[in-house]
Amino acid sequence: MAAWINRGERTVYRSPWFQLNVADVELPDGRHLDHYLLRERPVVLTACLHDQRRVQLLWRHRFIPDTYGYELPSGVVEPGEDLEAAAAREALEETGWRPGPLKHLLTVQPSASFSDAVHHAYYAESAEHLGAAKTPSRHDIDTHPVTPPVNPPQDHPQEPRCPRVIFRVVDLRGPGVQALMTGS
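Residues numbered from 1 in each chain as written. Predicted model: local features only at pLDDT ≥ 70, side-chain atom pairs only at ≥ 80, totals over all residues. Heavy atoms only, no water.

Trainee: For the sheet that holds strand E2 (residues 18-26), give the residues involved together with the corresponding values.
Mentor: Read from one edge of the open sheet, three strands run E1-E2-E3, paired in antiparallel fashion. Since the sheet does not close on itself, it has two edges, and those belong to strand E1 (5-14) and strand E3 (32-40), each with one partner. Averaged over all neighbouring strand pairs, the angle between strand axes comes to 30 degrees, with direction disregarded. Two elements, E2 and E3, share nine bridges in a ladder whose sense is antiparallel. Of the residues in E3, the one forming a bridge with Gln19 is Arg39. (Pairing = 2+ DSSP bridges. Helix = DSSP H or I, 4+ residues; strand = E, 2+ residues; numbered from the N terminus. Axes fitted to C-alpha atoms, helices over the stretch in contact; angles between N-to-C directions.)

Printed below as a string of structure tokens:
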């Protein structure tokens with residue numbers, strides 16, 4: 001199968017989080033087209049298991065799809081930062097829990113047709129609570145135990161986005177896993 005060839009890019013917009021480029025793409029038949037793409041920094045996600053085999057989750061509202069949902073602590077990797085160190089930092093900043101030794105779970109490119117984003121998922125089989133989250137103004141973080149399947153709090157009637165795959169991955173680690181939801 002012949003590949004598309006990127007013959008060059010120019011930046012349309014740049015921010016601290018991403019860069020929007022337009023690429024001159026040559027198709028296998030020789031035609032050219034302008035293809036918009038996002039250049040993004042790597043992202044890390046952290047699933048922390050801790051006492052009583054619970055998983056740390058965040059309950060958040062996302063304004064773009066206007067939905068509430070459960071998410072793993074996550075964020076961008078700082079320039080020059082080690083992926084594992086970034087995963088530990090993000091978990092601690094967003095939850096107040098420091099993960100134990102991290103293990104790489106998987107790496108995905110969620111939108112490869114228009115973005116070079118790479119998401120690296122890690123998990124830890126232990127975590128230590130060090131205090132309040134460092135980013136409460138952004139996430140209104142609080143912790144509440146819940147049991148899968150996850151039910152949203154009653155004051156958020158929208159259908160939640162729930163990372164059922166996380167429960168399946170964690171289930172592979174052993175029976176009786178619970179989730180620890182974090183958020184308001």
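Trainee: Any details on the environment of Lys103? Residues and values, ideally.
Mentor: Of note, Lys103 is situated in strand E9 (residues 102-108). Those residues in contact with Lys103 that sit more than four places away from it in its chain are Ala121, Tyr122, Tyr123 and Glu125. (Contact = heavy atoms within 4.5 Å.)

Trainee: Mind laying out the confidence of the model for the protein, listing which residues take part and the relevant values?
Mentor: Confidence in the prediction of the protein, expressed as mean pLDDT, is 78, and 71% of residues score 70 or more. Per-residue pLDDT stays below 50 along residues 139-184; that stretch engages in 107 contacts with residues further than four places along the chain or on separate chains. (pLDDT = per-residue confidence, 0-100.)

Trainee: Go over the pattern of salt bridges with me, naming the residues and quoting the values.
Mentor: Counted according to the given criterion, the structure contains eleven salt bridges. Taking the shortest distance from any N to any O, the salt bridge between Arg89 and Glu93 comes out at 3.4 Å. Here Arg89 and its partner Glu93 are both found in helix H1 (residues 83-95), four residues apart, which amounts to about one turn of the helix. The class of Arg89 is partly exposed, set by a relative accessible area of 21%. According to the relative accessible area criterion, Glu93 is partly exposed, its value standing at 23%. (Salt bridge = Lys/Arg side-chain N within 4 Å of Asp/Glu carboxyl O. Buried < 20%, exposed > 50% of the residue type's maximum accessible area, 1.4 Å probe, protein only.)

Trainee: I'd like a description of the nonpolar core, backed by residues and values.
Mentor: The tendency in soluble globular proteins is for nonpolar side chains to be buried as a group. Counting nine residues, the largest nonpolar core is built from Ala47, Leu49, Val55, Leu57, Trp59, Tyr68, Tyr70, Leu72 and Tyr123. The set of elements that each furnish at least two residues to this core consists of strand E4 (43-50), strand E5 (54-62) and strand E6 (67-71). Per-element tally for this core: the top contributor is E5, with three residues. Core analysis: the next-biggest nonpolar cluster, separate from the first, contains seven residues, Ala86, Leu102, Tyr122 and Ala124 among them. (Core = buried A, V, L, I, M, F, W, Y, C linked by side-chain atoms within 4.5 Å.)

Trainee: So what's going on with the packing of aromatic side chains? Residues and values would help.
Mentor: A full pass over the atoms with the stated rule returns one aromatic pair. Judged by centre distance (5.8 Å) and plane angle (45 degrees), the ring pair of Tyr13 and Phe18 falls under tilted. Overall, the relative accessible area of 44% leaves Tyr13 in the partly exposed class. For Phe18, a relative accessible area of 31% corresponds to the partly exposed category. (Phe/Tyr/Trp six-rings, centres within 6.5 Å; stacked < 30°, edge-to-face > 60°.)

Trainee: Quick one: what's the story with H1, residue by residue and with numbers?
Mentor: Its 13 residues give H1 an end-to-end C-alpha distance of 18 Å, which sits within 8% of 18 Å, the value for a rise of 1.5 Å per residue. Those residues of H1 that fall on the buried side of the exposure criterion are Ala86, Ala87, Glu90, Ala91, Leu92, Glu94 and Thr95. The opening residue of H1 is Asp82, an N-cap whose side-chain oxygen sits 3.1 Å from the backbone nitrogen of Glu84. Immediately beyond the C-terminal end of H1, within one or two residues, lies Gly96, with a positive phi of roughly 85 degrees. (Expected span 1.5 Å × (residues − 1). Polar contact = N/O pair within 3.5 Å; in protein donor to acceptor, adjacent residues only side chain to side chain.)

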